[in-house]
Every structure is written in structure tokens, then in C-alpha cells.
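# Examining the three-dimensional arrangement
Okay, here's what each chain looks like letter by letter:
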Amino acid sequence: MWRDSAEQFAQEHRISLAQARHFQCTAEHLVARQDGGKDAKGNIAAACKRCNQLRHQRRSAPAPNRYQEHVQRRLNQGGWHALPAKARLIRSEVPNLPV
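Description of the structure in this document. Keep in mind that what you see is a predicted model, and the values were worked out from it rather than measured.

## Quick notes on the packing of helix α3 (residues 49–57) against helix α4 (residues 64–76)
- The geometry of α3 relative to α4 is characterised by a closest axis approach of 12 Å and an angle of 120° between their N-to-C directions. It follows that α3 is oblique to α4 by the angle criterion. Our pair here, α3 against α4, has a crossing hand that is right-handed. Contact residues: Cys51, Leu54 and Arg55 in α3; Pro64, Tyr67 and Val71 in α4.
- In terms of residue class, the contact of α3 with α4 is built from 5 nonpolar, no polar and 1 charged.

Here's what the structure looks like:
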């Protein structure tokens, strides 16, 4: 994920600027503010812009750990973000989310 420069991220990972924009770092509220979630350290995790938006566009947002499993399954199958074969993005170990 990137916080300051989509252009630099795209260049470093050999992806297009449009693709890089999906990887902007956002604050994911594990319990959405609309559902009473607070802007507290234990309720916020870093998430790419796409993941953050898609989780909350569902009829009912899945629990953070369930959505994390869903995303990880898609990544392991080569899905989620459409990246060219030349992209140098490395999938890292799955972090444990506080719940």
C-alpha cells in the first residue's frame, strides 16, 4: 500500500497508475462508524482503498476476520486486483486483526 505517492508506488511495482490507486492506504473501521464504531486504535486497521470500499458496499458488511479470509482466498487464487505478470508485488503473511 502507499500513502504519499501513487506514481512512485506504480513505478516501483511496475503497475499502471490506475492500478496503483486501488492500493492507497486507508483507515478501515473494523466496526463501521455508522454501526457505532469509534475512531479508536483497536477499531482501525490499515486497508487498501478497494478493500475498504468493497467491504462496506455489501448489504451487511462481514465481520473483519471473515472479510480478511475472503480477501486472502481471492489473493491466493490470483484474484482481487488485476495485475500484470510483470508486477513486483509480493503477497505477505496475513496479519491477525484485533477484534
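## Some thoughts on the pattern of salt bridges
- Per the counting criterion, the structure on display carries 2 salt bridges.
- Taking the shortest distance from any N to any O, the salt bridge between Asp4 and Arg3 comes out at 3.6 Å. We note that Asp4, like Arg3, is exposed.
- In this structure, Arg66 engages Glu69 in a salt bridge whose closest nitrogen and oxygen atoms are separated by 3.9 Å. Here Arg66 and its partner Glu69 are both found in helix α4, 3 residues apart, which amounts to about one turn of the helix.
- With relative accessibility at 55%, the residue Arg66 sits in the exposed group.

## Focus: unusual backbone geometry
- Of note, the phi angle at Arg14 is positive, near 55°, even though the residue is not glycine.
- Note that Arg14 resides in the loop between α1 (6–13) and α2 (17–21).

## Things to note about the nonpolar core
- Counting residues in hydrophobic clusters, the biggest one holds 7 residues: Trp2, Ala6, Phe9, Ala10, Ile15, Ala20 and Phe23.
- In this structure, Ala20 is in contact with Trp2, Ala6, Phe9, Ala10 and Ile15, ignoring residues within four places of it in sequence.
- In terms of nonpolar packing, the next biggest core, distinct from the first, is built from 5 residues, Cys51, Tyr67, Val71 and Leu75 among them.

## Brief notes about α3
- When we look at burial in α3, the residues that qualify are Cys51, Asn52 and Arg55. Each buried residue of α3 sits inside an arc of 100° when the element is viewed along its axis, so together they form one side.
- Elements that come into contact with the buried residues of α3 comprise β1 (25–29), β2 (44–48) and α4.

## Focus on α4
- Compared with an ideal rise of 1.5 Å per residue, which puts 13 residues at 18 Å, α4 spans 18 Å between its outermost C-alpha atoms and is within 8% of the ideal.
- Looking only at α4, the buried set comprises Pro64, Tyr67, Gln68, His70, Val71, Gln72 and Leu75.
- Taken together, the buried residues of α4 touch α3.

Rules used in this analysis
- Residues numbered from 1 in each chain as written.
- Predicted model: local features only at pLDDT ≥ 70, side-chain atom pairs only at ≥ 80, totals over all residues.
- Heavy atoms only, no water.
- Axes fitted to C-alpha atoms, helices over the stretch in contact; angles between N-to-C directions.
- Helix = DSSP H or I, 4+ residues; strand = E, 2+ residues; numbered from the N terminus.
- Parallel < 35°, antiparallel > 145°, perpendicular 65-115°, else oblique.
- Left-handed = near helix turned anticlockwise from the far one by under 90°.
- Contact = heavy atoms within 4.5 Å.
- Nonpolar A, V, L, I, M, F, W, Y, C, P; charged D, E, K, R; others polar.
- Salt bridge = Lys/Arg side-chain N within 4 Å of Asp/Glu carboxyl O.
- Buried < 20%, exposed > 50% of the residue type's maximum accessible area, 1.4 Å probe, protein only.
- Core = buried A, V, L, I, M, F, W, Y, C linked by side-chain atoms within 4.5 Å.
- Arc of directions from axis to C-beta.
- Expected span 1.5 Å × (residues − 1).

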